[in-house]
Amino acid sequence: KAAAYAVMNKQRPEVLKYLKEQGFEDSNIEVKAPRGYDVYEVNYNGSSTNKIIGFNAAQSISVQSEDVQKIKKVSTDITNLTAQGIDVTVYEPSYFYSKLSDLKVKMLQEATKDAKQRASAMLKATHNRVGKIQSVRMGVFQITPVNSTNVSDMGINDTRTIEKKITSVANVTFSIK
């Protein structure tokens, strides 16, 4: 166990050095608590035995930045550290749209205008007109990859792509004139 943690403790500064060379500040980097587990021997039929044959130690280091292109570059290039003998496992980055609250009011306003235009188009054939709003209910937001057609009644929050499409839904009930 001590040997596994010693290797990890030797490699951590190299990973942090690499991240800082890529332009990340200490405030962008979070080093999590180390963790480890015993590795058990597996017998001929694929079952684990009680015999411990090794120990696996790992420590997560996460990076956050508003510079998504830098995150994308580092997530693919950091594996080059393996050539220096540093064991690195890279997880797929998550990209969050952090300014949704700034857009919500404007998007719901636009969705309500769109609802009125659609209601007018439907009523035109019957020679009726859209009257006053009877009720309005905010629906879910769909944050999807740009060319996605996915929708969900619970909403979608895509974190796998950088470019996103945001759709808001407003359920509006109008009276008919």
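Everything below is about the structure shown above.
Quick summary incoming for the structure in this document. A quick note: this is a predicted structure, and the numbers were derived from the prediction, not measured.

## Description of the overall build of the protein chain
Phase 1: A tally of regular secondary structure across the protein chain gives 3 helices and 7 strands.
Phase 2: Expected size for 177 residues packed as a compact globule is a radius of gyration near 16 Å; at 26 Å, the protein chain overshoots this value by more than 25%.
Phase 3: Taking the principal axes of the C-alpha coordinates as reference, the protein chain spans close to 80 × 45 × 25 Å.
Phase 4: Going through the 177 residues of the protein chain one by one, you find that 22% of them count as buried.
Phase 5: Long-range pairs, those at least 24 residues apart, make up 62% of the contacts in the protein chain with a sequence separation of at least 6.
Phase 6: Within the structure as shown, the protein chain displays about 12800 Å² of accessible surface, and the carbon and sulfur contribution to it stands at 51%.
Phase 7: Distance from the positive charge centre (25 side chains) to the negative charge centre (18 side chains) of the protein chain: 11 Å.

## Observations concerning the side chain of Asp 158
Phase 1: Take Asp 158: it is sitting in the loop between strand 6 (156-157) and strand 7 (164-176).
Phase 2: Only 3.2 Å separates the side chain of Asp 158 from the backbone nitrogen of Arg 160, close enough to count as a polar contact.
Phase 3: Sequence-distant contacts of Asp 158, defined by excluding residues within four places in its chain, comprise Tyr 95, Ile 143, Thr 144, Pro 145 and Lys 164.

## Focus: the environment of Asn 50
Phase 1: The residue Asn 50 is located in strand 3 (residues 48-58) in this model.
Phase 2: Judged by relative accessible area, which is 77%, Asn 50 ranks as exposed.
Phase 3: Distance from Asn 50 to Val 39, taken between C-alpha atoms, is 9.6 Å for residues 11 residues apart in sequence.

## A word on the nonpolar core
Phase 1: One finds Val 15, Tyr 18, Leu 19, Phe 24, Ile 29, Ile 71, Val 74, Ile 78, Leu 81, Ile 86 and Tyr 95 forming the largest nonpolar core, which totals 11 residues.
Phase 2: Take this core: its biggest share by element is 3 residues, from helix 1 (residues 2-21).
Phase 3: With residues near it in sequence (within four places) discarded, Leu 81 still touches Val 15, Tyr 18, Ile 86 and Val 88.
Phase 4: Counting residues in each nonpolar core, the second largest holds 8 residues, with Ala 111, Val 130, Ala 170 and Val 172 among its members.

Calculation criteria
- Residues numbered from 1 in each chain as written.
- Predicted model: local features only at pLDDT ≥ 70, side-chain atom pairs only at ≥ 80, totals over all residues.
- Heavy atoms only, no water.
- Helix = DSSP H or I, 4+ residues; strand = E, 2+ residues; numbered from the N terminus.
- Rg over C-alpha atoms; globule rule 2.2 N^0.38 Å.
- Buried < 20%, exposed > 50% of the residue type's maximum accessible area, 1.4 Å probe, protein only.
- Contact = heavy atoms within 4.5 Å.
- Areas by Shrake-Rupley, 256 points an atom, 1.4 Å probe, with all protein chains shown as cover.
- Lys, Arg positive; Asp, Glu negative; His and termini not counted.
- Charge placed at Lys NZ, Arg CZ, Asp CG, Glu CD.
- Polar contact = N/O pair within 3.5 Å; in protein donor to acceptor, adjacent residues only side chain to side chain.
- Core = buried A, V, L, I, M, F, W, Y, C linked by side-chain atoms within 4.5 Å.

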